[in-house]
Amino acid sequence: MPQPTSVPPPALNSFDEFTRLEEVVLGRADHYNAHHTEPSWRLFFYDNVAPVLGRHTTPSGEELLPIPSQLTDELNEDISGLADALTGCGVNVLRPAVPGKDVDIRSPHWDARATPPLNVRDQTIILGNTIVETAPHIRARIFENDLLKPAFYRYYEAGANWLSMPRPALASDSLDTSYFTRQGLDVSRATDGETAGSIEGLGLEMVFDGAQCMRLGRDVLVNVANHNHELALRWLRDNVRNLRFHRLDAMADNHIDSVLVPLRPGLMLLRSPEYLKYLPEAMQSWDVIYAPETDDSNFPDYTDLGFVIPIGSRYMDINLLSVDEDTVVVNSLYPELITVLERRGFTVVPVRHRHRRLFGGGFHCFTLDTVRRGGPEDYLS
Ligand SMILES: NC(=[NH2+])NCCC[C@H](N)C(=O)O
């Protein structure tokens, strides 16, 4: 009798954001029941949370802000919808391991409630056949990739290369606040009450998230907004020799995937014309779809739920995921964008995603596209 043959895992191959998607890791929100709003978290989300900090801090200085379970349940329901849609498009969907419980972590310098592996785009960049684990900014995320290791070993066994940026200590002086201070903003709402220890002689560290990159074949755009990021760009250039890294000078505080999404060679989705100037010259002549206006009616009303904090902006839904150069998965709660994309000839797969502003991620953030068909093409000449 013929033996059933087990299909070998595919080779890691992901150079861009738009060629045919074959395999993806999709995040999960199990146990996402609190935001630990300690200083590294507040600084990371400062653009969005500064206006509500203070107003929402409890008198006891409690930093663990509970997320109502209804919201996490609804988020998981929407993520299941995304999993089904991707499977329906013929994409193989892998998931991170489940945390199993709430996890409190402690380093020699601080402690934090661990963040579940939801926004898997953030702590890893796939550069061709190389897994690059990045250097977390948020303390609560320092062990997040452990839950992706089953997937990473699967690709490693199949021949992938695997690198990690030096793990930052995230001590009290590690993070650069200059992005905000350059704009004349007071960062004390983020940094006040810091209880982490310091390390003598350690200044600003290499700190960087995968979602600060956009991949375009042999070119990678890299948002550098401060010295933490500057160190990481140098590390990328030194360690990944086969690609060209282009510095985008402070296009955003950190992540750029709710500002810019390349849709196919020569066409990109961009938040607004003011962002064009940050892009490499070759991209400035690309055709652009600007993100259409949306209004508050597309966002849930949380007033009855008591405390919730928006860590994502109203632009989160720019953050779509391409299945191929003609097919995109878009939040059904951004109908204005769906209309524009359909008019441009795209096949849009609508998937509902309600709580994107509370968990800081859209479909691009929730996914790590590990296998796409494209190679190290030159899209910039
Ligand atoms: N990979 C991600 N988590 N991206 C999300 C970027 C969100 C961006 N900071 C905004 O508020 O619009």
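Located above this text is the structure these notes cover.
Residues numbered from 1 in each chain as written. Predicted model: local features only at pLDDT ≥ 70, side-chain atom pairs only at ≥ 80, totals over all residues. Heavy atoms only, no water.

(A) Representation of the site of the ligand within the structure. All residues adjacent to the ligand are N48, D122, A211, H255, D257, S258, R271, G312, S313, M316, G360 and C365. One nitrogen or oxygen atom from the side chain of D257 is found 2.7 Å from a nitrogen atom belonging to the ligand. For the ligand, an oxygen atom lies 2.5 Å from a polar atom in the side chain of S313. Computed on the free molecule, the ligand has an accessible area of 350 Å², of which 93% lies beneath the protein chains in the complex. Partitioned by chemical class, the residues of the shell around the ligand number 3 nonpolar, 6 polar and 3 charged. (Near = heavy atom within 4 Å. Polar contact = N/O pair within 3.5 Å; in protein donor to acceptor, adjacent residues only side chain to side chain. Areas by Shrake-Rupley, 256 points an atom, 1.4 Å probe, with all protein chains shown as cover. Nonpolar A, V, L, I, M, F, W, Y, C, P; charged D, E, K, R; others polar.)

(B) Structural detail: the sheet that holds strand 13 (residues 260-264). Taken in spatial order, the 3 strands make up an open sheet running 13-14-15, and their pairing is mixed. Here the strands that pair on one side only, and so sit at the sheet edges, are strand 13 and strand 15 (287-290). Pairs of neighbouring strands in the sheet enclose a mean axial angle of 25 degrees, with direction left out of account. One ladder, built from 4 bridges, connects strand 13 with strand 14 (residues 267-270); its direction is antiparallel. Paired with L260 across the strands is L270, a residue of strand 14. (Pairing = 2+ DSSP bridges. Helix = DSSP H or I, 4+ residues; strand = E, 2+ residues; numbered from the N terminus. Axes fitted to C-alpha atoms, helices over the stretch in contact; angles between N-to-C directions.)

(C) Molecular detail of the pattern of salt bridges. Under the criterion given, the structure shown has 31 salt bridges. In this structure, R247 and E230 form a salt bridge, with 2.8 Å as the shortest nitrogen-oxygen distance. Here R247 is found in strand 12 (residues 244-249), whereas its partner E230 is found in helix 7 (residues 227-239), with 17 residues between them in sequence. Given the relative accessible area of 36%, R247 is considered partly exposed. Note that R314 and D296 form a salt bridge whose closest N and O atoms lie 3.5 Å from each other. Within this pair, whereas R314 is found in the loop between strand 15 and strand 16 (321-324), its partner D296 is found in the loop between strand 15 and strand 16, the two being separated by 18 residues in sequence. By relative accessible area, which is 33% here, R314 ends up partly exposed. (Salt bridge = Lys/Arg side-chain N within 4 Å of Asp/Glu carboxyl O. Buried < 20%, exposed > 50% of the residue type's maximum accessible area, 1.4 Å probe, protein only.)

(D) Spatial organisation of the packing of aromatic side chains. Taken as a whole, this structure holds 11 aromatic pairs when the rule is applied. Ring geometry for F18 against Y379: centres 5.3 Å apart, planes inclined by 70 degrees, an arrangement best described as edge-to-face. You can see F18 sitting in the segment before strand 1 (21-26) and its partner Y379 sitting in the segment after strand 19 (367-372), a full 361 residues away along the chain. Accessibility classification places F18 together with Y379 in one group, the buried group. (Phe/Tyr/Trp six-rings, centres within 6.5 Å; stacked < 30°, edge-to-face > 60°.)

(E) Molecular detail of the environment of E77. With respect to the secondary-structure elements, E77 resides in helix 3 (residues 69-88). Between the alpha carbons of E77 and I138 there is a distance of 26 Å; along the sequence they are 61 residues apart. Once residues lying within four places of it in the same chain are set aside, the contact partners of E77 are R352 and R354. Within the structure, E77 has its side chain in polar contact with the side chain of R352 (distance 3.2 Å). (Contact = heavy atoms within 4.5 Å.)

(F) A look at the side chain of H364. Summarising the element assignment, H364 is placed in the loop between helix 10 (356-359) and strand 19. H364 sits in the buried class, given a relative accessible area of 3%. Of note is the side chain of H364, whose polar atom sits 2.7 Å from the side chain of E17. Here H364 is in contact with E17, R121, M214, D257, N319 and L320, once residues within four sequence places are set aside.

(G) Up close: helix 3. Taking 1.5 Å as the rise per residue, helix 3 with 20 residues should run 28 Å; its terminal C-alpha atoms sit 28 Å apart, in good agreement. Looking only at helix 3, the buried set comprises L71, T72, E74, L75, D78, I79, L82, A83, A85 and L86. For helix 3, the elements touching its buried residues are strand 1, strand 4 (92-94), strand 16, strand 17 (327-331), strand 18 (347-351) and helix 10. Count one or two residues on from helix 3 and you reach G90, which has phi positive near 85 degrees. (Expected span 1.5 Å × (residues − 1).)

(H) Expanded view of the nonpolar core. In terms of nonpolar packing, the biggest core is built from 28 residues, with L82, L86, L118, V329 and F366 touching the most fellow members. At the level of secondary structure, the elements contributing two or more residues to this core comprise strand 1, helix 3, strand 16, strand 18 and helix 10. It is helix 3 that contributes the most residues to this core, 7 residues altogether. Once you skip the residues sitting within four places of it in the chain, L118 turns out to touch G27, R28, A29, Y32, L75, I79, E144, F359, C365 and F366. Of all hydrophobic cores here, the second largest spans 27 residues; its members include W41, L43, I105 and L175. (Core = buried A, V, L, I, M, F, W, Y, C linked by side-chain atoms within 4.5 Å.)

(I) Representation of empty space enclosed by the protein within the structure. Tallying each qualifying case throughout the model produces 6 cavities of 30 Å³ or more. By volume, the largest cavity amounts to about 190 Å³. What lines the largest cavity is a set of 24 residues, among which Y32, H35, W41, T115 and R141 lie closest to the centre. Residue assignment for the lining of the largest cavity shows that the elements contributing at least two residues are strand 2 (34-36) and helix 1 (39-44). Per element, the largest residue contribution to the lining of the largest cavity is 3 residues, and it comes from strand 2. Of the residues that constitute the lining of the largest cavity, the class distribution is 12 nonpolar, 8 polar and 4 charged. Counted as a void, the second largest cavity has a volume near 90 Å³. If you trace the second largest cavity, you find it lined by L43, F44, H137, D176, Y179, F180, N226, H229, D253 and N254. The set of elements that each furnish at least two residues to the lining of the second largest cavity consists of helix 1 and helix 5 (178-181). (1 Å grid on protein atoms, 1.4 Å probe; cavity = no way out; pocket = protein on both sides within 12 Å on 5 of 7 lines; lining within 4 Å. Points joined across faces, edges and corners; volume = space filled by probe spheres on them.)

In short, geometric facts, not functional conclusions.
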